[in-house]
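Single-letter residue listing:
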Amino acid sequence: MIRFERVSKWYGSDPALVEIDETIAQGEVVVICGPSGSGKSTLLRTVNRLEPIQAGRIEIDGRDIHAPGTNVNELRSRIGFVFQQFNLFPHLTALQNCTLAPVQLGRLSRSQAIEQARALLERVGLAHKADAYPAELSGGQQQRVAIARALAQQPPLMLFDEPTSALDPEMVGEVLAVIRGLAKDGMTLICVTHEMGFAREVADRVLFMDAGRILERAPPAEFFQRPQHPRAQQFLVDIRLPLP
């Protein structure tokens, strides 16, 4: 579904991504992990053109998404993106946050969008909060509304950029449970996260990055039990997941 070919990016003279080559299959759940500043979020944001690239090629379903003339709005309408900060519209209710894009983009009538939004809020366990404003919701509830809003576009691909990093510890589980449900439904997911327990349980593959490079790619059991790259081994020791 997604192919990175020798993708590179710089911030001034500082390399952010260095000749990334990777393929992600349809229906695959991929977790990207690594130390802060390793390029994880930058790589994720290149997939929906929030970050430009200076070299290489990124294809989604065989289409070069960074090619001149690409309709960026149309591209983003097919990619759900959930941010660290929830980015809900504060003046809209949970239901209105989830109906805005489908109606504005002409994909659904207002009544269809409301019906879909209620179903999505039910899916994330927040049907009873449909008329609440973001300020009336906990952080975990806001993030679950953000996930429902992203799903309202019926995207074939979902991207999560450290979706639990802004949450209090007791709220993390409720958000991860929703993402876990999406994974079970067979949706293509790419998730940047520091939640290694979640990665171990849900991911089909783990990509480990450092200094703008993918240094290791492996199924979770292999990555956590037998990491090959010395930097990955040190990372797991540093986060207090000692090797067996």
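Above this note sits the structure.
Residues numbered from 1 in each chain as written. Predicted model: local features only at pLDDT ≥ 70, side-chain atom pairs only at ≥ 80, totals over all residues. Heavy atoms only, no water.

Peer 1: Teacher, can you tell me more about the overall build of the chain here?
Peer 2: For the chain, the helix and strand inventory stands at nine helices and ten strands. Rg of the C-alpha trace for the chain: 18 Å, near the compact-globule value of 18 Å for 244 residues, within the 12% margin. Taking the principal axes of the C-alpha coordinates as reference, the chain spans close to 55 × 45 × 30 Å. Going through the 244 residues of the chain one by one, you find that 53% of them count as buried. (Helix = DSSP H or I, 4+ residues; strand = E, 2+ residues; numbered from the N terminus. Rg over C-alpha atoms; globule rule 2.2 N^0.38 Å. Buried < 20%, exposed > 50% of the residue type's maximum accessible area, 1.4 Å probe, protein only.)

Peer 1: Any chance you could explain the packing of aromatic side chains here in plain terms?
Peer 2: Centre distance and the angle of the planes are the two values used to describe a pair of aromatic rings. Counted by the stated rule, this structure contains four aromatic pairs. Ring geometry for Phe 81 versus Phe 83: centroids 4.4 Å apart, planes at 35 degrees, classification tilted. When its relative accessible area of 12% is taken as the criterion, Phe 81 is described as buried. Residues Phe 208 and Phe 235 carry aromatic rings whose centres are separated by 5.2 Å and whose planes lie at 55 degrees to one another, so their mutual orientation is tilted. Of this pair, Phe 208 sits in strand β9 (residues 205-210) while Phe 235 is found in helix α9 (residues 230-238), placing the two residues 27 residues apart along the sequence. The buried category is assigned to Phe 235, whose relative accessible area is 7%. What links up through ring pairs into an aromatic cluster is the set Phe 208, Phe 223, Phe 224 and Phe 235. One residue, Arg 200, lies across the ring of Phe 224, its end atom 4.7 Å from the ring centre. (Phe/Tyr/Trp six-rings, centres within 6.5 Å; stacked < 30°, edge-to-face > 60°. Lys NZ or Arg CZ within 6 Å of the ring centre and 35° of its normal.)

Peer 1: Got a minute to help me understand α9 in this structure?
Peer 2: Counting along an α-helix, one turn takes 3.6 residues, and residues three or four places apart therefore face a common direction. Buried within α9 are the following residues: Ala 232, Phe 235 and Leu 236. One face of α9 carries all of its buried residues, which in axial projection span an arc of 95 degrees. (Arc of directions from axis to C-beta.)

Peer 1: Please explain the pairing of strand β4 (residues 55-60) as it appears in this structure.
Peer 2: Two faces belong to every sheet, and in a regular strand the side chains alternate between them. Here strand β1 (residues 2-11) runs beside β4; their pairing, made up of five bridges, is antiparallel. Within β4, the position partnered with Ser 8 by the bridge is Ala 55. Across two bridges, β4 lies against strand β5 (residues 63-64) in antiparallel orientation. Within the sheet, the bridge partner assigned to Ile 60 lies in β5 and is Arg 63. (Pairing = 2+ DSSP bridges.)

Peer 1: Even after reading the chapter, I still don't get the sheet that holds β1, so can you show me in this structure?
Peer 2: Two pairing modes exist for strands in a sheet, parallel and antiparallel, and in both the strands are linked by backbone hydrogen bonds. Overall, antiparallel pairing links the four strands, which are arranged β2-β1-β4-β5 in an open sheet. Pairing within the sheet leaves two strands with one partner each, and these edge strands are β2 (14-24) and β5.

Peer 1: Help me out: how do you make sense of the pattern of salt bridges in this one?
Peer 2: Two side chains carrying opposite charge are able to pair once their charged atoms lie near each other. Under the definition given, this model contains 15 salt bridges. Where Arg 217 meets Glu 22, a salt bridge forms, and the shortest distance between an N and an O atom there is 2.5 Å. You can see Arg 217 sitting in strand β10 (residues 213-218) and its partner Glu 22 sitting in strand β2, a full 195 residues away along the chain. Look at Arg 217 and you get partly exposed, because its relative accessible area is 40%. (Salt bridge = Lys/Arg side-chain N within 4 Å of Asp/Glu carboxyl O.)

Peer 1: Could you clarify how one ought to interpret the nonpolar core in this entry?
Peer 2: Generally speaking, soluble globular proteins have nonpolar side chains that are buried together. Counting residues in hydrophobic clusters, the biggest one holds 51 residues, and the most contacted among them are Leu 121, Ile 147, Met 158, Phe 160, Leu 189 and Phe 223. Broken down by element, this core gets its largest block of residues, eight residues, from helix α6 (residues 169-184). Setting aside residues no more than four positions away along its own chain, Phe 160 makes contact with Leu 44, Val 82, Ile 147, Ile 179, Leu 182, Leu 189, Ile 190, Cys 191 and Val 192. (Core = buried A, V, L, I, M, F, W, Y, C linked by side-chain atoms within 4.5 Å. Contact = heavy atoms within 4.5 Å.)

Peer 1: Just to check I follow, could you spell out the pairing of β1 for this structure?
Peer 2: Bridge count for β1 against β2 is seven bridges, and the pairing is antiparallel. By the bridge assignment, Phe 4 is partnered in β2 with Glu 22. Linking two consecutive strands that pair antiparallel, namely β1 and β2, is a turn of two residues; a positive phi of about 65 degrees is found at Gly 12 within it.

Peer 1: Quick question: what am I supposed to make of the side chain of Glu 22 here?
Peer 2: Given the relative accessible area of 7%, Glu 22 is considered buried. A polar contact of 2.7 Å, which involves the side chain of Glu 22, links it to the side chain of Arg 205. At 2.5 Å, the side chain of Glu 22 forms a polar contact with the side chain of Arg 217. Dropping the residues within four chain positions of it, Glu 22 is found in contact with Ile 2, Arg 3, Phe 4, Arg 205, Leu 207, Ile 214 and Arg 217. (Polar contact = N/O pair within 3.5 Å; in protein donor to acceptor, adjacent residues only side chain to side chain.)

Peer 1: Explain the environment of Ala 132 here, please?
Peer 2: Mapped onto the elements of the fold, Ala 132 is located in the loop between α4 (110-123) and α5 (139-151). By relative accessible area, which is 11% here, Ala 132 ends up buried. The spacing of Ala 132 and Leu 151 is 19 residues in sequence and 19 Å in space, taken between C-alpha atoms. Ignoring anything within four residues of it in the chain, the contact list for Ala 132 reads Thr 93, Ala 94 and Leu 137.

Geometric descriptors of this kind do not, in isolation, establish any biological role.
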